[in-house]
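Each chain, letter by letter, is given below.
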Number of protein chains: 2
Amino acid sequence: MTSRQTRPRDRAERGIPEATVARLPVYLRALHTLQERGVATVSSEELAAAAGVNSAKLRKDLSHLGSYGTRGVGYEVEYLVYQISRELGLTQDWVVAIIGVGNLGRALAGYGGFASRGFRVAGLLDADESIVGQEIAGMTVENIGRLEELIAERGVSIAVIATPAAAAQGVCDRVVAAGVTSVLNFAPVVLSVPDGVDVRKVDLSIELQILAFHEQRKAGGPGDYDALATGEAPPGTAHYVEAVDL
Amino acid sequence: MTSRQTRPRDRAERGIPEATVARLPVYLRALHTLQERGVATVSSEELAAAAGVNSAKLRKDLSHLGSYGTRGVGYEVEYLVYQISRELGLTQDWVVAIIGVGNLGRALAGYGGFASRGFRVAGLLDADESIVGQEIAGMTVENIGRLEELIAERGVSIAVIATPAAAAQGVCDRVVAAGVTSVLNFAPVVLSVPDGVDVRKVDLSIELQILAFHEQRKAGGPGDYDALATGEAPPGTAHYVEAVDL
DNA sequence: TATTGTGAACACCTTCACAGCG
DNA sequence: CGCTGTGAAGGTGTTCACAATA
């Protein structure tokens, strides 16, 4: 997974296990799909299949929200959508600012899943003067100099950091100082933040490396049509020196 | 995070716990940073801080790879880089194809972390005729019609799916049929694949929803940051001026 | 009768605390 | 002495299997 960086876990914070919270959005998406198809009721078995989990897990997850099913029947789709949305806080709108408008920032800005899911992008900010002023996904890119101002004026509560690695911590410090307590970080660095601020990280290179690990176990190497024949064990000292960032 | 979709877990598959595997890339990145700074040795305490975990966890993780530290001293950075790289399968090159060349696909194609980390992007494919033929990050976008052909010719072993949701399952079926057994999915759908194929998913909307959940618990609603009011956060006068773009 | 909701068992992960060793 | 490596303890998460019930 994409990795975490949330505080140790305030168990009894409000009952719902973190692992369950992480799956609720998946259930919600599956339910939306069913809803579009006009399905009114689902069993845990069906919904679990659509969400890619097993049905016992699904039922236990939902049981943390309350008893919203009907024995012998299943769950009413619309009702469950509402309950999960409410639990996740999606019945209200969250104001998001995207900082860093390169290809990734653009992809995020144009992502349809935002508006429809309780998130409103209220700002695209960049430091590059040649990007500032451009129209992207219907918004004008603004200068990062106005970061604090915009966060306050527009009530931004979630900051999405899509800057190069070198800039990320600085931007993070600024948004936190401006009052933001939730950060979604796409830059390949570990951000340090004060207690009370949540950071979640999305890191594609980490995901690829995890895949590589498993792939290696399957075959013995990429393009491995000649197996582990030729020992790929290199000499005792190797040289890996590289720069890494977006 | 970012969610998973790996098979239940073949414990005793080869010893290393999944949770550990997921952190090794983080350690590796921290080690590379240290290496660039010319640091030759780190203690578990220092490395753990750089990676954002606690030191006991770090030591236990590393202990699954072997005994690569020196009591009373710490770990030799270069040696540890090599050992972790080898464990993750990064001492060999993995051939990657990116399917779907919208903004996200472009961001991925331009991601420097690829080449430097044992991944070689050997193809950018798209179905849109107006995109096919474009030069992106030094490569020419090719027609998705040639998918199977290219996978075979170039020995692609990891497919990155960055298509719209509606196209993702179809593309996935094709890459799997062509022999790919590792898929990194950015499309917001649950892919179904046969046993033996690993899928990892990166889903930004899920991450945002998890943040919203926690944010809601803190305050009571978006825009409500006079709740934690008077406290701590001073006016946003900090001026870290840094370059920001992707 | 079909399906939920859940106690109990199990598996996995994290943390503690200290023995072991350079 | 300082720091690693790890057994043991304590959590958290998953799965099983069945009683409860619409």
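All values derive from a computational prediction rather than experimental measurement. (Residues numbered from 1 in each chain as written. Chains lettered and ligands numbered in written order. Predicted model: local features only at pLDDT ≥ 70, side-chain atom pairs only at ≥ 80, totals over all residues. Heavy atoms only, no water.)

Let's talk about the side chain of N185 of chain B
All names here are of chain B. For N185, the location among the structural elements is in strand β10 (residues 182–185). Here the side chain of N185 touches A187 through a polar contact of 2.9 Å, landing on its backbone nitrogen. Separated by 3.1 Å, the side chain of N185 and the backbone oxygen of V189 make a polar contact. Apart from residues no more than four positions distant in its own chain, N185 is found in contact with I161, A168, L191, V199, R200, K201 and V202. (Helix = DSSP H or I, 4+ residues; strand = E, 2+ residues; numbered from the N terminus. Polar contact = N/O pair within 3.5 Å; in protein donor to acceptor, adjacent residues only side chain to side chain. Contact = heavy atoms within 4.5 Å.)

Topic: the protein's contact with DNA strand D
Around DNA strand D, the structure places 26 residues, and the nearest of them are N54 and R71 of chain A together with S44, R59 and Y75 of chain B. In DNA strand D, the atoms that sit within 4 Å of the protein are 66% sugar and phosphate, with bases accounting for the remainder. K60 of chain B is positioned with one of its side-chain polar atoms (N or O) 3.3 Å from a base oxygen of DNA strand D. One nitrogen or oxygen atom from the side chain of R71 of chain B is found 3.1 Å from a base oxygen belonging to DNA strand D. (Near = heavy atom within 4 Å.)

Considering the UniProt feature "DNA-binding region" (unreviewed entry) in chain A
With numbering matched to this structure, UniProt assigns "DNA-binding region" (unreviewed entry) to residues 26–65 of chain A. Across residues 26–65 of chain A, helical content stands at 70% and strand content at 5%; the span's end C-alpha atoms are separated by 15 Å. (UniProt positions renumbered as here; feature names shortened; annotations may be inferred.)

Comments concerning unusual backbone geometry
Residue and element names in this part refer to chain A. In this model, A137 sits at a positive phi of 50 degrees, which is unusual for a non-glycine residue. Relative to the assigned elements, A137 resides in the loop between β6 (135–136) and β7 (139–140). Note on A137: relative accessible area 55%, which makes it exposed. (Buried < 20%, exposed > 50% of the residue type's maximum accessible area, 1.4 Å probe, protein only.)

Regarding the sheet that holds strand β1 (residues 41–42) of chain B
Strand order in the open sheet made by the 3 strands is β1-β3-β2 (chain B), with antiparallel pairing throughout. The sheet is open, and its two edges are formed by β1 and β2 (69–70) of chain B, each paired on a single side. (Pairing = 2+ DSSP bridges.)

Brief notes about the packing of helix α1 (residues 18–36) of chain B against helix α4 (residues 77–88) of chain B
Two quantities define a packed helix pair, namely the angle between the axes and the distance from one axis to the other. Residues and elements named next belong to chain B. Axis separation between α1 and α4 bottoms out at 10 Å; the angle between their running directions is 145 degrees. When you trace α1 past α4, the crossing you get is left-handed. Contacts from V21, L24, P25, Y27, L28, L31, H32 and Q35 in α1 reach V77, E78, L80, V81, I84, S85, E87 and L88 in α4. (Axes fitted to C-alpha atoms, helices over the stretch in contact; angles between N-to-C directions. Left-handed = near helix turned anticlockwise from the far one by under 90°.)

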